Amino acid sequence: MRVIGIADANNFYVSCLRSFNPKLIGQPVIALSNNDGCVVARSNEAKKLGIKMGQPLYQIQKKVADYNVQVFSSNYELFGDMSRRVFGTMQRFVGEFFPYSVDEAFFAFDSYEHIDPGVEEFCRFIRQTVDQWTRIPISIGLAETMTLAKVANKWAKSHPECQGVFWLDTPEKRDEILDQFPIEDLWGVGRQYQERLKRHGIKTALQLSRMPHDWIQQFMTVEGLRLIYELQGIPCRSLDTEPLHKKSICVAPSFGRKVTQYSTVYEAMATYLARAAEKLRRHGSAAGVVTVFLHTNRFDRIGPHHYGSQSVALPHPSSSTTELLNYAEPLLKAIWRDGYDFQKVGVILNEIVPVEHQQKLIFADSPDPRYNVLSQVVDRLNQKHGRDKLRVAAQGYDKSWKIKQRYQSPCYTTKWSDILTVK
DNA sequence: TCTGGGGTCCTAGGACCC
DNA sequence: TCTGGGGTCCTAGGACCC
């Protein structure tokens, strides 16, 4: 028998910070999104204070002060590195392993009968090892399908007696848990579906799983149908969720302040494009379509507002920053309007293909090979000497538009100067 | 003052074809 | 009153995820 597991770090970003700063243990701690905008991770103590996921920081300033909540800006360097360490540890113990997000990974045991002393105990051992090696607490859910494993995982988290691991191993247990499982906690049910389902009197996962198939399909498309099959123990999702190459790459952080100057927006756009192209090259891919968009802050009551977006198809897929920039610049010019306070510019790359599978076109110019050589040299130098040491001039040196990070934490594992010293 | 970023999949409807 | 039928492709937008 095959069993699917999902391991999920508890309060991941907060746990990363606590791993290196034990003083934070037992305290309310939150981690913020880019620009210190919203809450994206909360310690259990912070959750108890009623701080919600995604809540803007300015709405909870009083709570933060009153309860001495420890606040930290995002630190993707640290979080990404800790993610690699947690996954690396787990991978030693399971055969099939599929990272799903920065803090979650699915895995599978093709047969578990031989596992001694049993699947759950073995997973508890994995969990203890991850904790010992990284100080990141994880929870593990086990079941026949990915959706049920997610349910089991959530159950493990909220029931301490499970010791971090829960297995939905029989149909009886499955129905018993689904009967107590609210639909809004299901994987694939968001706010819209939740409200609409409740209007039809559907509140639990068990109720949902017993609805007629044609009704579900009409109501929630085939995704809903897949969901209820999965709840019944029939796998409909593929574990291999990580596609060979991404379908799109988007880089679009908001500015740290309002920007009205074309030259500033252009520098930001060139910088984002360089990021996107680096990512393309890391994946060994090239993009066939570039999109640039630009907008004002939609929360701003006093206008005027402007939203612009334009795309262009390239004559051949490219991953060269300089070449892509040649196509992106006219797009920005086309959507630019004077006299607005812009909040964000963004770059999206689409029609992404693996470099080695690129179609050769008969009539179009073939790509200039010098672009690729140049990109490779730039990547190598920057890898050695630091990001953006070598860059296109269009990226500029101003950077006044960069995101705000008022509550930075050290990069404990990736910067020499930030490594902890033992005295 | 202050409201994230980066993805995926699906559907409806329009344009167009014979 | 009544205006074919059966396709494909593309795009915008909605829903979801972490």
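Residues numbered from 1 in each chain as written. Chains lettered and ligands numbered in written order. Predicted model: local features only at pLDDT ≥ 70, side-chain atom pairs only at ≥ 80, totals over all residues. Heavy atoms only, no water.

A. Broad picture of the sheet that holds strand E5 (residues 96–101). Taken together, the 5 strands give an open sheet; going across it, the order is E5-E6-E1-E7-E8, and neighbouring strands pair in mixed fashion. Among the strands making up the open sheet, the edge pair consists of E5 and strand E8 (165–167). Strand after strand, the sheet turns through a mean of 20 degrees between neighbouring axes, direction not considered. As judged from the 6 bridges shared by strand E1 (residues 3–9) and strand E7 (residues 138–143), these two strands associate in the antiparallel manner. Residue pairing for E7: glycine 5 is matched across the bridge by leucine 142. (Pairing = 2+ DSSP bridges. Helix = DSSP H or I, 4+ residues; strand = E, 2+ residues; numbered from the N terminus. Axes fitted to C-alpha atoms, helices over the stretch in contact; angles between N-to-C directions.)

B. Molecular detail of the protein's contact with DNA strand C. As a matter of local geometry, DNA strand C sits amid 14 residues, with Ser101, Lys150, Gly188, Gly190 and Tyr193 nearest to it. A share of 100% of the atoms of DNA strand C within 4 Å of the protein falls on sugar and phosphate groups. Separating a phosphate oxygen of DNA strand C from a backbone N or O atom of leucine 186 is a distance of 3.4 Å. One nitrogen or oxygen atom from the side chain of tryptophan 187 is found 3.2 Å from a sugar or linking oxygen belonging to DNA strand C. (Near = heavy atom within 4 Å. Polar contact = N/O pair within 3.5 Å; in protein donor to acceptor, adjacent residues only side chain to side chain.)

C. Representation of the packing of helix H6 (residues 146–158) against helix H7 (residues 171–179) in the model. Two elements in contact, H6 and H7, have axes separated by 11 Å at closest approach and are oriented at 65 degrees. As far as their axial angle goes, H7 and H6 are roughly perpendicular. In terms of crossing hand, the pair formed by H6 and H7 is left-handed. Listed contacts from H7 to Leu148, Val151 and Trp155 of H6 are Arg174, Ile177 and Leu178. Split into classes, the residues belonging to the contact of H6 with H7 amount to 5 nonpolar, no polar and 1 charged. (Parallel < 35°, antiparallel > 145°, perpendicular 65-115°, else oblique. Left-handed = near helix turned anticlockwise from the far one by under 90°. Contact = heavy atoms within 4.5 Å. Nonpolar A, V, L, I, M, F, W, Y, C, P; charged D, E, K, R; others polar.)

D. Expanded view of the domain arrangement of chain A. With domains assigned, chain A is organised as domain 1 (3–8 + 79–231), domain 2 (12–76) and domain 3 (249–395). Computed over C-alpha atoms only, the centres of domain 1 and domain 2 are separated by 25 Å. Facing 10 residues of domain 1, the contacting portion of domain 2 comprises 10 residues. It is Phe79, Met82 and Ile136 that lose the most area in domain 1 upon contact with domain 2, and together they represent 65% of the buried surface on that side. On inspection of domain 1 and its partner domain 2, the count reaches 0 salt bridges. Where domain 1 touches domain 2, the interface holds 3 residue pairs in polar contact (both at pLDDT 80 or more). Tallying contributions element by element places helix H4 (residues 76–91) first for the side of domain 1 that touches domain 2, with 4 residues. (Domains from an automatic or database assignment. Buried area = accessible area lost by both parts, 1.4 Å probe. Salt bridge = Lys/Arg side-chain N within 4 Å of Asp/Glu carboxyl O.)

E. Region of interest: the sheet that holds strand E3 (residues 39–42). The strand order across the open sheet formed by 3 strands is E3-E2-E4, and the pairing between neighbours is mixed. Taken across any chain shown, the strands that pair with only one partner, and hence form the sheet edges, are E3 and strand E4 (70–72). With direction set aside, neighbouring strand axes in the sheet form an average angle of 25 degrees. Pairing of strand E2 (residues 29–32) with E3 involves 3 bridges; the strand directions are antiparallel. Opposite alanine 31, over in E3, you have alanine 41 as the bridge partner. Packing against the sheet, helix H1 (residues 12–20) makes contact with E2, E3 and E4, and its axis sits at approximately 115 degrees to E2.

F. Expanded view of the packing of H1 against H4. One can describe the packing of H1 onto H4 by two numbers: an axis separation of 10 Å at closest approach and a directional angle of 90 degrees. In terms of orientation, H1 lies roughly perpendicular with respect to H4. For the pair H1 and H4, contact is made by Phe12, Tyr13, Cys16, Leu17, Ser19 and Phe20 and by Tyr76, Leu78, Phe79, Met82 and Ser83, respectively. Across the contact of H1 with H4, the residue classes break down as 9 nonpolar, 2 polar and no charged.

G. Focus on empty space enclosed by the protein. Inspection of the entire model under this criterion finds 1 cavity of 30 Å³ or more. Of the pockets and cavities examined, the largest cavity occupies roughly 60 Å³. Along its surface, the largest cavity is lined by 13 residues, and Ala9, Val86, Phe87, Asp103 and Ile138 are the ones closest to its centre. For the lining of the largest cavity, the elements supplying multiple residues, two or more each, are E1 and H4. With 4 residues, H4 is the single largest residue contributor to the lining of the largest cavity. Its residues placed into classes, the lining of the largest cavity shows 10 nonpolar, 1 polar and 2 charged. (1 Å grid on protein atoms, 1.4 Å probe; cavity = no way out; pocket = protein on both sides within 12 Å on 5 of 7 lines; lining within 4 Å. Points joined across faces, edges and corners; volume = space filled by probe spheres on them.)

H. Molecular detail of the layout of surface pockets. Computed from the structure, the largest pocket encloses a volume of approximately 2000 Å³. Together, 39 residues line the largest pocket, and Asn75, Tyr76, Glu77, Arg275 and Arg387 are the ones closest to its centre. Counting residues per element, the ones that place at least two in the lining of the largest pocket are H4, E5 and helix H11 (262–282). The element best represented in the lining of the largest pocket is H4, accounting for 8 residues. Taken together, the residues of the lining of the largest pocket break down into 13 nonpolar, 12 polar and 14 charged. Approximately 980 Å³ is the volume found for the second largest pocket.

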